Amino acid sequence: MCCDGTIFDVAVMRDGDAAAAIACGFRTTVADDGREAFKLPCHHLNGTACTRYDQWRPSTCGKFQCTTQKRALDGDITENEALSHITAAWQARDAVLALLPSDETLSDARARFQDLAASTSSLAPQDARLVVRMFAFERLLDQHFRKPGKGRLPGGQSLNA
């Protein structure tokens, strides 16, 4: 879920990775904090497999561990609990995707969610459904996959457990 854009919209690169990433065809951008990043989903992802796994790739690719992965490795949760978190995240993501037009990405939906959640006017029923599903999805990701302080809920809220 880190590579397919489920957890984040961009992957921040470490110093020195940008030039090589560009040379390898990564779609680079600048993250909100001004650091070099590449866009997610990564176009080097084929299904659930990285097509660059045995070649050079940005160092963040091999070093990133989500909160659930760290907790499972540390023995704080069981493998079955970790898999349950992953399954719940996939289901929540799929519930959001089911509401989107075919040309709208999850990243687009996140931006729309932020705008809708900040709106002071009444929402159309389809927009209200998106807000509810996106809130539940982002809350789940904040609780089980993102570091504290990296929450995505409107107003900068973080509901990390």
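Residues numbered from 1 in each chain as written. Predicted model: local features only at pLDDT ≥ 70, side-chain atom pairs only at ≥ 80, totals over all residues. Heavy atoms only, no water.

(A) A look at the pattern of salt bridges. According to the stated counting rule, one finds nine salt bridges in the structure shown. Measuring nitrogen to oxygen at the nearest pair gives 2.8 Å for the salt bridge that ties R112 to E104. Classification of R112 as partly exposed rests on a relative accessible area of 25%. Under the relative-accessibility criterion, E104 is labelled buried at 15%. Of the charged contacts in the structure, one is a salt bridge between R110 and E138, with a shortest N-O distance of 2.5 Å. Note that R110 is positioned in helix α5 (residues 106–118) and E138 in helix α6 (residues 125–144), a separation of 28 residues in sequence. We note that R110, like E138, is buried. One network of salt bridges, with partners in common, ties together D9, R110, E138, D142 and R146. (Salt bridge = Lys/Arg side-chain N within 4 Å of Asp/Glu carboxyl O. Buried < 20%, exposed > 50% of the residue type's maximum accessible area, 1.4 Å probe, protein only. Helix = DSSP H or I, 4+ residues; strand = E, 2+ residues; numbered from the N terminus.)

(B) Fine view of the packing of helix α4 (residues 79–97) against α6. Relative orientation of the contacting elements α4 and α6 amounts to 155 degrees, with a least axis distance of 9 Å. For the element pair α4 / α6, the angle class is roughly antiparallel. In this structure, the crossing between α4 and α6 has a hand that is left-handed. Where α4 approaches α6, its residues H85, A88, A89, A92, R93, A95 and V96 are matched on the opposing element by L130, R133, M134, F137, L140, L141 and H144. Its residues assigned to classes, the contact of α4 with α6 comprises 10 nonpolar, two polar and two charged. (Axes fitted to C-alpha atoms, helices over the stretch in contact; angles between N-to-C directions. Parallel < 35°, antiparallel > 145°, perpendicular 65-115°, else oblique. Left-handed = near helix turned anticlockwise from the far one by under 90°. Contact = heavy atoms within 4.5 Å. Nonpolar A, V, L, I, M, F, W, Y, C, P; charged D, E, K, R; others polar.)

(C) Examining the state of the cysteines more closely. Scanning all chains against the criterion turns up zero disulfides. The thiol of C3 is not disulfide-bonded; the next cysteine sulfur, from C2, is found 3.8 Å away. We note that C42 lacks a disulfide partner, and the nearest cysteine sulfur, in C50, lies 6.2 Å from it. (Disulfide = S-S within 2.5 Å.)

(D) Region of the structure containing the packing of aromatic side chains. In total, this model carries three aromatic pairs according to the counting rule given. Aromatic side chains F26 and F38 sit 4.9 Å apart centroid to centroid with 65 degrees between the ring planes, which places their arrangement in the edge-to-face category. Of the two residues, F26 sits in the loop between α1 (18–23) and β2 (28–30) while F38 sits in strand β3 (residues 36–39), which places them 12 residues apart along the sequence. In this structure F38 comes out as buried when scored by relative accessible area, which is 3%. (Phe/Tyr/Trp six-rings, centres within 6.5 Å; stacked < 30°, edge-to-face > 60°.)

(E) Focus on the sheet that holds strand β1 (residues 10–12). Spatially, β1-β3-β2 is the arrangement adopted by the three strands of the open sheet, whose pairing is antiparallel. Both edges of this open sheet fall to β1 and β2, since each of them pairs with a single strand only. The average angle at which neighbouring strand axes cross in this sheet is 40 degrees, direction not considered. Where β1 and β3 come together, three bridges link them in antiparallel fashion. The residue of β3 that forms the bridge with V12 is A37. (Pairing = 2+ DSSP bridges.)

The values reported here are purely geometric and, on their own, carry no functional implication.
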